[in-house]
Amino acid sequence: MSERVIGIDLGTTNSCVATVEGGVPKVIANKGGYKTTPSMVAISEAGRRLVGHIAKRQAITNANNTVYAAKRLIGRKWTHPAVQRARQVLPYKLVEGETGDVRIELHDKTYSIPELSAIVLSEMKKVAEDYFGGPVEKAVVTIPAYFNDGQRQATKDAGRIAGLDVIRIINEPTAAALAYGFKKNIRKRVAVFDLGGGTFDISVLDIQDGVFEVLATAGDTYLGGEDFDQRIVEWLVFGFAKEHKLDLRTDVMALQRLRDAAEQAKVQLSSTTTTDINLPFIMSASGKQDALHLQRTLTREKLEELTADLVERSVEICDRMLKEARLDKADIEEVVLVGGQTRMPRVQQMVKAFFGLDPAKSVHPDEVVALGAAVQAAALVNAQQSGSQPDLLLLDVTPLNLGIMIAGGYFNTLIPANTTVPTSKSHTFTTVRDNQTAVKIVVLQGESDVSKQNEMLGEFILTDLPAMPRGTMEIEVTFDISPEGIVSVFAKDKATGREQSIQVTATSRMSEDELQHVLEANEEFAVAEKNTEVFQTLRNDVERHLREVDSLVPKVREFLSASDFGEDALKKVETQKERARRAIQMQDIPALKEVREKLERANTMLKGVAERVAGT
Ligand code: ADP
Ligand code: MG
């Protein structure tokens, strides 16, 4: 008998577990007969731990101790703007963990996010075990394509805590494409549009005879169905405040009832054009005798108006991704819709209008991700048992630029976003000062040119380097990204051959103070990229301009000595010269670009004056 393996879609809102039986992937229903389980965990008044539907059912009366959408917080730092935003709207209490991570306080105990996700994963494991009548350990777990290294690591941690052997984590859209293209023998370019409860993902893949190659991926980890609910909640709160001069958000229980009603109304409006929201006794105004009721009618049209920008944002992300990856919209042959929120007619219309295609009908938006995970799990285990190559090949891409901080606090990309993984790349860096004996390698992921604005994964210091003139010491830094998107970094100083490495781990997160310190006080350990073409070109340009300045200035000065006119301009030129020298020394590419432009302008000005001198 083949080994039992499962695929788990650990969703922000709902989770789903599937397996492959007789070569056919199928979703396993829970004991209540539901194919998906709410990703919710609660601690009851009596201290009991509740998961899934049971947790959801008591959420209204126990909102402070019921956790939903924890996935939005996984692997995040406390100071991340999105975490701070979440604090404002979540009914449960977030606190800062010792390593600057996010924790949740339920009754008087605090839980890490991987711990809470592990409770959901355990529940899914149990659903499968009930079905099989025996233990299951091996699983493939899915994550949004847009997750960074920290979020991926934290999800793996959650699997470990749940007692699962997570043989692979794969991206949700890739899993969806896998389920869609499984055994179909197709050659197609497919877009997977996934709008779930908390996150949005878009990916474009080429499917060809069992090879699934991701060409591009993008997304927003803070765009999903909950945002749609929130718009309805705000609309209700605002209307109620106008009528009664009372803010429903001040009452936790009222707010939870509003959220529930908002979601129900939204779901309703996917199949009807108008719905009534009735919440009797929503608030009893103190000092007033009568309890207050909330009663409103919401139309599909109004809902579309309230959420128009959210839908547009998802389409804009698609547009941007296609442009950045230089993909032609016309080459896309199929659009697969994933995620409950894609059931909203307006979303379907916008997707259809954008791609000019009717979305694929054969897939179930709630199940397709778990099915794909199960397909991948089975393929991996079969290959392992038979000692052969898996009959499925997933070629995924890394969603974010990966690089290190270089002199001046700039971010130097080593592996750009959308590179196929696994991948490995080496670059040679060098010291920026004479006799510099230590360098610090700060590893970051993100989209900004400025290190501070990116997510820091980790850092290490190479010490005891031989004292050498600046720019001659060579340090080779190698980045590895595993098929799961997990990052490792090795640095080697070429003079001694000594190596150091880090596997960037989610749990070894630094505190914010440490982080600031590392990112700011770095002159001493600064590294620069060794002799890059860009730098050489810039340096040549700047040095040519400097020579020109030096030849022009004496002529101009001679003329100027008769008057004071232009003395200021010459002082400015001196400052630019100084900046240029420093920028060359620091190999500071952005500063070099700026100073090149300034010197060019100074030269034009000086030439003009010199010509006039010659002409007089
Ligand atoms: P996740 O992948 O984040 O767990 P799901 O794919 O389960 O999320 O989608 C959940 C979201 O889909 C919720 O916000 C839910 O309200 C929404 N949803 C479910 N069914 C419908 C529907 N018929 N119309 C509109 N939205 C829906
Ligand atoms: Mg999902």
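My aim in this report is to walk through the structure given alongside it, one point at a time.

What counts, and where the lines are drawn
- Every chain is numbered independently, its residues counted from 1 as its sequence is written.
- Starting at A for chains and at 1 for ligands, labels are handed out in the order in which the entities are written.
- Local features in a predicted model are, by the rule used here, given only for residues with pLDDT of at least 70; side-chain atom pairs are given and counted only at 80 or more, and totals for whole chains, interfaces and linings are based on all residues.
- The side-chain values count all of the structure's non-hydrogen atoms but skip hydrogen atoms and water molecules.
- Put simply, DSSP H or I for four residues or longer makes a helix, DSSP E for two residues or longer makes a strand, and each gets a number counted from the N terminus.
- Throughout, the Shrake-Rupley method with a 1.4 Å probe supplies accessible areas, and for residues the shown protein chains are the sole cover considered.
- Throughout, near means a residue has at least one heavy atom within 4 Å of the molecule or strand.
- Two N or O atoms count as a polar contact when they lie within 3.5 Å, although within protein this holds only if one can serve as hydrogen donor and the other as acceptor, and sequence-adjacent residues are included solely when both atoms are side-chain atoms.
- Three classes are used, and their members are as follows: Ala, Val, Leu, Ile, Met, Phe, Trp, Tyr, Cys and Pro are nonpolar, Asp, Glu, Lys and Arg are charged, and the others, Gly among them, are polar.
- Note that the domain bounds were set by an automatic or database domain assignment.
- One less than the number of residues in a helix, times 1.5 Å, gives the span that helix is expected to have.
- By definition here, a salt bridge exists when the distance from a side-chain nitrogen of Lys or Arg to a carboxyl oxygen of Asp or Glu is within 4 Å.
- By the convention used here, strands pair only if DSSP detects at least 2 bridges between them.
- Fitted lines through C-alpha atoms serve as axes, helices being fitted only where they are in contact, and the angles separating the N-to-C directions of these axes extend from 0 to 180 degrees.
- Working rule for contacts: check all heavy atoms of both residues, and any pair within 4.5 Å makes them a contact.
- We call a residue buried when its accessible area falls under 20% of the maximum for its residue type, exposed when it is over 50%, and partly exposed in between, using a 1.4 Å probe and counting protein chains only.

1. Points about the overall build of the protein chain
Inference 1: Across its full length, the protein chain carries 14 helices and 29 strands.
Inference 2: Dimensions of the protein chain, computed from C-alpha atoms along their principal axes, come out at roughly 90 × 70 × 55 Å.
Inference 3: When the accessible surface of the protein chain is totalled, it reaches about 28000 Å², and 48% of it is carbon and sulfur.

2. As for the site of ligand 1
Inference 1: The immediate surroundings of ligand 1 are formed by 17 residues, with N14, G197, E263, K266 and S270 found nearest.
Inference 2: Contacts to ligand 1 include G197, whose backbone N or O atom sits 2.8 Å from an oxygen atom.
Inference 3: S270 places a polar side-chain atom, nitrogen or oxygen, 2.6 Å from a nitrogen atom of ligand 1.
Inference 4: About the coverage of ligand 1: the protein hides 89% of its 580 Å² of free accessible area.
Inference 5: When contributions to the shell around ligand 1 are tallied by element, the ones reaching two or more residues are helix 6 (225–244) and helix 7 (252–268).
Inference 6: For the shell around ligand 1, the element with the most residues is helix 7, which contributes three residues.
Inference 7: Here the shell around ligand 1 is composed, by residue class, of one nonpolar, 12 polar and four charged.
Inference 8: Taken together, domain 1 (5–224 + 310–396) and domain 2 (225–309) each give at least three residues to the shell around ligand 1, which thus spans both.

3. Thoughts on helix 3 (residues 113–132)
Inference 1: Here helix 3 contains 20 residues, and its C-alpha end-to-end distance of 29 Å stays within 8% of the 28 Å for a straight helix at 1.5 Å per residue.
Inference 2: G133 occupies a position one or two residues after helix 3 and carries a positive phi of about 70°.

4. Notes on the pattern of salt bridges
Inference 1: Applying the stated rule across the entire model yields 37 salt bridges.
Inference 2: For D229, the salt bridge is made with K266, and the minimal N-O distance between the two is 2.8 Å. Pair noted here: D229 is in helix 6 and K266 is in helix 7, with a separation of 37 residues, a long-range link.
Inference 3: Between E305 and K302 there is a salt bridge, with its nearest N and O atoms 3.1 Å apart. A residue pair is termed a helical-turn pair when its members lie 3 or 4 positions apart in one helix, as E305 and K302 do in helix 8 (residues 300–324) at three residues.

5. A short note on the sheet that holds strand 9 (residues 102–106)
Inference 1: Strands sit in the order 8-9-10 across an open sheet of three strands; the sheet is antiparallel. Every other strand in the sheet has two partners, leaving strand 8 (93–96) and strand 10 (109–112) as the edge strands with one partner each. This sheet shows a mean twist of 40° between the axes of neighbouring strands, independent of strand direction.
Inference 2: Sheet analysis places strand 8 next to strand 9, joined by four bridges and oriented antiparallel. Among the inter-strand pairings, K93 is bridged to a residue of strand 9, identified as E105.
Inference 3: Along the sheet, helix 3 makes contact with strand 9 and strand 10, crossing strand 10 at roughly 80°.

6. Regarding the environment of V204
Inference 1: Within the secondary structure, V204 is located in strand 14 (residues 200–208).
Inference 2: Looking at V204, the relative accessible area reads 1%, which means it is buried.
Inference 3: For the pair V204 and F354, spaced 150 residues apart in sequence, the C-alpha separation works out to 14 Å.
Inference 4: Not counting the four nearest positions on each side in its chain, V204 is found in contact with R189, V190, A191, E213, V214, L215, A216, M321, L322, L327 and I332.

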